Amino acid sequence: MSSTACNGAAGAPEVAILKGVRYPGGLRSLLIMAALLPLAALSLLAMLLRDLWRNPRSFLSSRPRRTELADLPPELAGVQPVGFDTEPGVRLTGWTFGPRPSRPLLLFLHGFPECWYSWRDQLTHLKDRYEVVALDMRGYNKSSKPAGIAAYDLERLTADVAAVAAALGRSRITLVAHDWGGAIAWAVAGRYPGLVERLAVLAAPQWFMYLRNLTLEQAARSYYFLWFLLPVLPELLLLHTDAHFMEALWLGAGKNEFSPRRRGACTPQDVEIYKAALQEPGSVTAALNYYRATLLTEAGLMKPHPEVVAALRRQLDMPVLVVWGKHDHALCLTNNIDIDQVAPRVRLHVLPEASHWVQADAPERLNAILDQWLADNPVSPTEHLDTAAAAAAAGNGGGSGLQQRGAAAAAAVTAAAGSAGKAAAAVAAGVTSQAVTVAEAAQEKVVEVAEAAQEKVAELAAAAQAAVEAAEEGLRSRAKKQQQTQPASE
Ligand SMILES: *[C@@H]1O[C@H](CO)[C@@H](O)[C@H](O)[C@H]1NC(C)=O
Ligand SMILES: *[C@@H]1O[C@H](CO)[C@@H](O)[C@H](O)[C@H]1NC(C)=O
């Protein structure tokens, strides 16, 4: 494919309100990060020490797990893994009920720290009417885990999605994406607008919209990004004591604010499945590298790819669905202020009972919303059959075109990121060893400091809550207006 076959983006209008938005970079971002990193390191270390103190024996334990197809819930019977080579040496797994060339393709992109399985209720609901494929994103479960932080920047992550579509022989796809998958999907739609004919995003900001209005509350809620920038410690946080974190997360309804809100949203068996995927060697580091690549880019230590920057400034013409949980602990609804400037055909749903984990908290509501939106925005299945040229375009030729450009860019990015990564690692290592000294000297003090810091964050969040409520109100009436005007534009 010439890049235009898939991109088709030249000349698409830029979003006026995003013209001045860029990855911050510069000395100021570096200084802010350097100032905050020690606090992040201390608080993370304090948590780890607390957990170690409670359970010294089992801290480094992990049970061997076996999740075979037979262990999946019976309603997923018939789902099969299929491999996609997206660049030399990178093979991703997708999960599907088989090809249906005469039906539109729905491609599902999961978030952190999940895997394809987060879409179980949508897959079973939609599989008879569509070809459904749920990807294990780069790094997750058996999907390849290329080395280095630069392998997880938005340029690679978006190219993966285009390559998967090409491998499926599709020139037009519908993306359904959550969290990190959603952030990637926004960028895929901007980079390959001819490819993405419908875009559904759950609980994930368009990244330049996030950067445009990074409010104090949103910054406070994103504090864990700084944890994830540190080496080794966040890996330990997620994996120690047989990945106990996953139990706290998925079974913590009513206890942990970062958990789903619905009791029974996940079963212990679901947790076993998530754990098995995350305990694949290298998987956690790969998953954390998505955050590391983003933060290093924001700090100016990695160069954003020009195509990604252009993609994030581009107005999206396709129908866009945005679904958000009102109780999202990580991402504020304010990320959607003026989202209709980015996607004029946007429809926004705020789910009053849902947390960030939309699929887990509101599976049936989500299925109903998807059904309605897909029905209101039909695509022609025959277009999907008319693929002789498109498939050839989107197939091998396209792959290699992408790959060549990717490879050239990758070399540059890798070189830049190599030294940047080393610098950051040195900073972080310094910070960490300092933190270890402090912590050894006064472990209890550290715990206090961390708890005080956490409280401050909570206070901040609470203070900003009122502002959010007001903004939500505005959004809801905007959404209502939009839904009223939507049919007229069809
Ligand atoms: C991880 O991949 C293996 C091999 O395809 C598969 O047996 C297992 O069920 C997968 N785990 C999950 C959670 O998808
Ligand atoms: C940013 O978000 C706040 C709410 O936290 C809102 O009041 C403000 O208008 C937003 N600014 C922009 C530029 O969207």
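Values in this document were obtained by computation on a predicted structure and should not be read as measured data.

Student: Account for the overall build of the chain, with residues named and values stated.
Tutor: Looking only at helices and strands, the chain has 18 helices and eight strands in total. Put simply, the chain has 490 residues, and 47% of those count as buried. Look at the contacts in the chain between residues 6 or more apart in sequence, and 81% of them connect residues 24 or more apart.

Student: Give a description of the site of ligand 1 that names residues and reports values.
Tutor: All residues adjacent to ligand 1 are Thr-67, Glu-68, Pro-81, Thr-93, Cys-115, Trp-116, Tyr-117, Asn-141, Lys-142, Ile-273, Ala-276 and Ala-277. In terms of residue count, the dominant contributor to the shell around ligand 1 is helix 10 (residues 268-278) (three residues). For the shell around ligand 1, the residue count by class is seven nonpolar, three polar and two charged.

Student: Tell me about the pairing of strand 7 (residues 320-327), residues and numbers included.
Tutor: Within strand 7, six of the eight residues are buried, which leaves it mostly tucked inside the rest of the structure. Bridge count between strand 6 (residues 196-202) and strand 7: four bridges; the pairing is parallel. Within strand 7, the position partnered with Leu-202 by the bridge is Val-323. Alignment of strand 7 against strand 8 (residues 346-355), held across seven bridges, turns out to be parallel. Bridge assignment links Leu-321 to a residue of strand 8, and that residue is Arg-347.

Student: Lay out the sheet that holds strand 2 (residues 90-96) with the relevant residues and their values.
Tutor: In sheet architecture, strand pairing relies on hydrogen bonds along the backbone and comes in two forms, parallel and antiparallel. One open sheet holds the eight strands; their spatial order is 1-2-4-3-5-6-7-8, and the pairing between them is mixed. Among the strands making up the open sheet, the edge pair consists of strand 1 (80-87) and strand 8. The mean inter-strand angle of the sheet, taken between neighbouring strand axes irrespective of direction, is 20 degrees. Across the sheet, helix 4 (residues 154-167) touches strand 1, strand 2, strand 3 (105-109), strand 4 (131-136) and strand 5 (173-178), and the angle it forms with strand 1 is around 120 degrees.

Student: I'd like a rundown of helix 9 (residues 233-250), residues and numbers included.
Tutor: Across its 18 residues, helix 9 extends only 21 Å between first and last C-alpha, which sits more than 12% below the 26 Å expected from 1.5 Å per residue. In the structure, helix 9 departs most strongly from a straight axis at Asp-242, where the bend amounts to approximately 110 degrees. Among the residues of helix 9, Pro-234, Leu-236, Leu-237, Leu-238, Leu-239, Ala-243, Met-246, Leu-249 and Trp-250 are the ones counted as buried. Structurally, helix 9 contributes buried residues whose contacts are with helix 2 (26-54), helix 8 (224-229), helix 10 and helix 11 (283-298).

Student: Can you tell me about the nonpolar core, naming the residues and giving the values?
Tutor: Within the largest apolar cluster, 130 residues are counted, with the highest numbers of intra-cluster contacts made by Leu-107, Leu-175 and Ile-184. Ignoring any residue separated from it by four or fewer positions in sequence, one finds Leu-107 in contact with Val-133, Leu-135, Val-164, Ala-165, Ile-173 and Leu-175.

Student: Tell me about the confidence of the model for the chain, and please be specific about residues and values.
Tutor: Taken residue by residue, the chain gives an average pLDDT of 83. The fraction at 70 or more is 75%. Ignoring residues within four places in sequence, the model shows residues 460-464, a span with pLDDT below 50, making nine contacts including any to other chains. Taken together, the stretch residues 485-490 has pLDDT below 50 and engages in two contacts with residues farther than four places along the chain or on a different chain.

Student: So what's going on with the pairing of strand 3? Residues and values would help.
Tutor: Burial runs high along strand 3: five of the five residues are buried. On strand 3, burial covers both faces: Leu-105, Leu-107 and Leu-109 on one face and Leu-106 and Phe-108 on the other are all buried. Taken together, the five bridges between strand 3 and strand 4 define a ladder with parallel strand orientation. The residue of strand 4 that forms the bridge with Leu-106 is Val-132. Read as a crossover between parallel neighbours, the route from strand 3 over helix 3 (residues 120-126) to strand 4 is right-handed. Pairing of strand 3 with strand 5 involves four bridges; the strand directions are parallel. Looking at the pairing, Leu-107 lines up with Leu-175 of strand 5.

What counts and what doesn't
- Residues numbered from 1 in each chain as written.
- Chains lettered and ligands numbered in written order.
- Predicted model: local features only at pLDDT ≥ 70, side-chain atom pairs only at ≥ 80, totals over all residues.
- Helix = DSSP H or I, 4+ residues; strand = E, 2+ residues; numbered from the N terminus.
- Buried ≥ 20, exposed ≤ 12 C-beta atoms within 10 Å, placed from the backbone.
- Contact = placed C-beta atoms within 7 Å.
- Near = placed C-beta within 6 Å.
- Nonpolar A, V, L, I, M, F, W, Y, C, P; charged D, E, K, R; others polar.
- Pairing = 2+ DSSP bridges.
- Axes fitted to C-alpha atoms, helices over the stretch in contact; angles between N-to-C directions.
- Expected span 1.5 Å × (residues − 1).
- Bend = angle between axes of the 7 residues up to and from the residue.
- Core = buried A, V, L, I, M, F, W, Y, C linked by C-beta atoms within 7 Å.
- pLDDT = per-residue confidence, 0-100.
- Right-handed = clockwise from strand over helix to strand, strands pointing away.

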